Amino acid sequence: MAEEVKLFGARRSPFSHRIEIALKLKGVSYEFIEEDLQNKSPLLLKYNPVHKKIPVLLHNGKPIAESIVILEYIEETWKTNPILPADPYERAIARFWAKFLDDKCIPAAWNACWAKEKEREKTMEEASECLKTLEGELKDKKFFGGDKVGMVDIVANFIAFWLSALQEAVGADLLTPEKFPVLFKWSEELVGCPIIKENLPPRDQLMAFFRARLESSK
Amino acid sequence: MADEVILLDFWPSPFGMRVRIALAEKGIKYEYKEEDLRNKSPLLLQMNPIHKKIPVLVHNGKPICESLIQVQYIDEVWKGKASLLPSDPCARAQSRFWADYVDKKIYDLGRKIWMCKGEEQEASTKEFIECLKVLEAELGDRHYFGGSNLGYVDVVFVPFYTWFHAYEQCGNFSIEAECPKIIAWAKRCMQKESVSKSLPDHEKVYGFVLELKKKFGIE
């Protein structure tokens, strides 16, 4: 039976990109449906009525929402190239770091870049602490997943690519090779992987988007 | 070889209660260690250096943090008995989605209900009820979110039942009047020993909230 896999996403969104990495790593063919986030389609609203957000994975007509939930689903459904360890304890550790990224690290980095002058110092410090913690976890591994890209690397895609474009657009210097050499090297390694690179939005387009947003917030 | 399981916890924490229920469902013997959150133990700081929070599950000396992760770990390691997550990947994804929904909404909104006043409290109460109604719709006619047995979403959500009384008193509203099916579901869960023995008395929780309000100088 032919499988039908559709992904409702947005090229600009790191959350959507996470799903594309996982599907591609596992060799799953899928149809990508680009959503206009200012004008969401009736289908998206039907498949994710609770949050009304992308990404949504549709597998043989059944929708799954929330990027980390989708990643776990992909892992359990397509067994090629596992993105989570087999050992339950190691798996719990990976889930911990994925949650740390989503709950703390990425919001802190985002907030630091968008902070107004008087909040800049405090938010930058918080974000730096998070990146320092992340770097501590990476240690001397090539990827968070070890030799291969794993779920934590996938969830950290914002840090690897989007952050660089954002900080340049707003004039912040959060993740630099001087401040976080290990993390910086990892980000280059990750973005260098063909599977990761091929679905990234063009950096200049992303920067233009962030610059426009910065202008409109003034 | 005997398993050594320790739970670092704080009695009114709904997150800690999740783990207590999961351990009880699986019949796992463990040592419960009550933490004083104003004076955290060296063990807690060593086992959860990043967040310094409870609950922390320590299994044969190795720490696992974050309650949803702990419950999944317990389900995966002690596979034989009382499965909390379903075996089908699609059903598992739905369970994870709803557990995530509870985690994103209920604690923060509940907290605003008892911590805030006036318009902010009213807005939080309204949103809280809306979220309960969404969960009520998801439950539908099932006995539990897990179907005929207690499942992952039940374990993740039911601890808040012991906080409902405090929310109602502070926010001056009735959850039963708005979401009778949720109350019926919670009472059904409470008939299970794994749940009733893991949740503190709701008057005790309310007393704790009143103390907190006094400490923070709220009303």
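Residues numbered from 1 in each chain as written. Chains lettered and ligands numbered in written order. Predicted model: local features only at pLDDT ≥ 70, side-chain atom pairs only at ≥ 80, totals over all residues. Heavy atoms only, no water.

## Let's talk about the UniProt feature "domain: GST C-terminal" (unreviewed entry) in chain A
- Residues annotated in UniProt with the feature "domain: GST C-terminal" (unreviewed entry) correspond here to residues 87-210 of chain A.
- In this annotation, residues 87-210 of chain A is assigned 74% helix and 0% strand; the end-to-end C-alpha distance for the span is 40 Å. (UniProt positions renumbered as here; feature names shortened; annotations may be inferred. Helix = DSSP H or I, 4+ residues; strand = E, 2+ residues; numbered from the N terminus.)

## Observations regarding the UniProt feature "domain: GST C-terminal" (unreviewed entry) in chain B
- Those places that UniProt annotates as "domain: GST C-terminal" (unreviewed entry) correspond, in this numbering, to residues 88-216 of chain B.
- Segment residues 88-216 of chain B splits into 78% helix and 0% strand. End C-alpha atoms: 46 Å apart.

## Examining the pattern of salt bridges
- With the rule as written, the count across this model stands at 31 salt bridges over all chains.
- A salt bridge links B:E66 to A:K99; the shortest N-O distance between them is 3.6 Å. Residue B:E66 is found in the loop between β4 (62-65) and α3 (67-77), and its partner A:K99 is found in helix α4 (residues 88-114); the two belong to separate chains.
- One salt bridge connects B:K197 with B:E193, and the closest N-O pair in it is separated by 3.9 Å.
- Using a relative accessible area of 55% as the deciding quantity, one classes B:E193 as exposed.
- When salt bridges that share partners are traced, they join A:E72, A:E76, A:R91, A:R95, B:E76, B:R92 and B:R96 into one network. (Salt bridge = Lys/Arg side-chain N within 4 Å of Asp/Glu carboxyl O. Buried < 20%, exposed > 50% of the residue type's maximum accessible area, 1.4 Å probe, protein only.)

## So, the side chain of A:E75
- Position of A:E75 among the secondary structure elements: in helix α3 (residues 67-77).
- From its side chain, A:E75 meets the backbone nitrogen of A:I83 in a polar contact 2.9 Å long. (Polar contact = N/O pair within 3.5 Å; in protein donor to acceptor, adjacent residues only side chain to side chain.)

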